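Structural overview
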Amino acid sequence: MRPALVALLAIVACHREAPAPAKLDAYLSTLAGADETTRRDAVTSWKIDEAAWQHLTTDPYRGAYADYARQFALAAPALTARLAHAGTVTTRPHFAGDPRLTAGQARARWAQPVQAPSEVAELDGAPIDAVFVRDGAAWRVIVGIDAIVRERAAAIEPACAALFAALTPGPCADAAWVVAEAALRSDRPRFVRACAQASNLCH
């Protein structure tokens, strides 16, 4: 191979995104306690692009990419700060019904295909409030699903948006899921019925 071609390939390789380690805990352990620029750049790389969003999520969440991008921008500083100190990182599969999930993590499960692989992480026993998914060799995150649903619900009926925000993961999860689906589809009749059912079952 000619030297000029070797040099060109080396330049291209250096500009490719370095693949994340195969295990999420190992990857996050390299970031916990790192300098702010390193952490901020890593968190920025976690944003899902629109093409990947289409295969990592399912209807009706596929149509909410612009909302996701906005929520990601809001969440990024907190995620960067969350990794400011070194500590013990633990990870586990992301399953519906896990009582240790945050509200955001629990509702992010709704946006994914059934049994789609994803993970959640904790640093020193406290959650890193995001859901991690693989996009090729890189880790990305789903964040803001609960905020997206609340905003869509508030545009239809503010009282129901407040009700939705108060619903906790657990017995009321199915009722909350129907509220979310109807809000994202702008299906007002179904939304009103779902809100009434949630109110009767959970309050």
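Residues numbered from 1 in each chain as written. Predicted model: local features only at pLDDT ≥ 70, side-chain atom pairs only at ≥ 80, totals over all residues. Heavy atoms only, no water.

What to know about the sheet that holds strand E2 (residues 119-123)
- Read across the open sheet, the four strands follow the order E1-E2-E3-E4; overall the sheet is antiparallel. Each having just a single partner strand, strand E1 (89-93) and strand E4 (138-142) make up the two edges of the open sheet. The mean angle between the axes of side-by-side strands here comes to 40°, regardless of whether they run parallel or antiparallel.
- The pairing of strand E3 (residues 126-135) with E4 spans five bridges and is antiparallel. (Pairing = 2+ DSSP bridges. Helix = DSSP H or I, 4+ residues; strand = E, 2+ residues; numbered from the N terminus. Axes fitted to C-alpha atoms, helices over the stretch in contact; angles between N-to-C directions.)

Thoughts on the state of the cysteines
- With the rule as written, the count across this model stands at one disulfide.
- Disulfide partner of Cys-160: Cys-195, at an S-S distance of 1.6 Å. Across the S-S bond linking Cys-160 and Cys-195, the dihedral sits near -85°, which makes this disulfide left-handed. Here Cys-160, found in helix H8 (residues 158-166), pairs with Cys-195, found in helix H10 (residues 188-202); they are 35 residues apart in sequence, far enough to count as distant. (Disulfide = S-S within 2.5 Å.)

A closer look at the pairing of E3
- Strand direction decides the pairing type here: E2 and E3, joined by four bridges, are antiparallel. Bridge pairing links Leu-123 to Ala-126 in E3.
- The hairpin turn running from E2 into E3, its antiparallel successor, is two residues long, and Asp-124 in that turn takes a positive phi close to 50°.
- Connecting the antiparallel pair E3 and E4 is a turn made up of two residues, with Gly-136 showing a positive phi of about 65°.

Some details on the pattern of salt bridges
- Per the stated rule, a full pass over the model turns up 11 salt bridges.
- The residue Arg-40 makes a salt bridge to Glu-36 at a minimum N-O spacing of 3.7 Å. Of this pair, Arg-40 and Glu-36 both sit in helix H3 (residues 36-45), four residues apart, which is roughly one turn of that helix.
- Owing to a relative accessible area of 39%, Arg-40 belongs among the partly exposed residues under this scheme.
- Overall, Glu-36 belongs to the partly exposed group, its relative accessible area being 48%.
- A salt bridge links Arg-70 to Asp-67, with the nearest nitrogen and oxygen atoms 3.3 Å apart. With a gap of three residues between them, Arg-70 and Asp-67 both fall in helix H5 (residues 65-82), about one helical turn apart.
- Judged by relative accessible area, which is 38%, Arg-70 ranks as partly exposed.
- Given the relative accessible area of 15%, Asp-67 is considered buried.
- One connected set of salt bridges, linked through shared partners, spans Asp-67, Arg-70, Glu-151 and Arg-152. (Salt bridge = Lys/Arg side-chain N within 4 Å of Asp/Glu carboxyl O. Buried < 20%, exposed > 50% of the residue type's maximum accessible area, 1.4 Å probe, protein only.)

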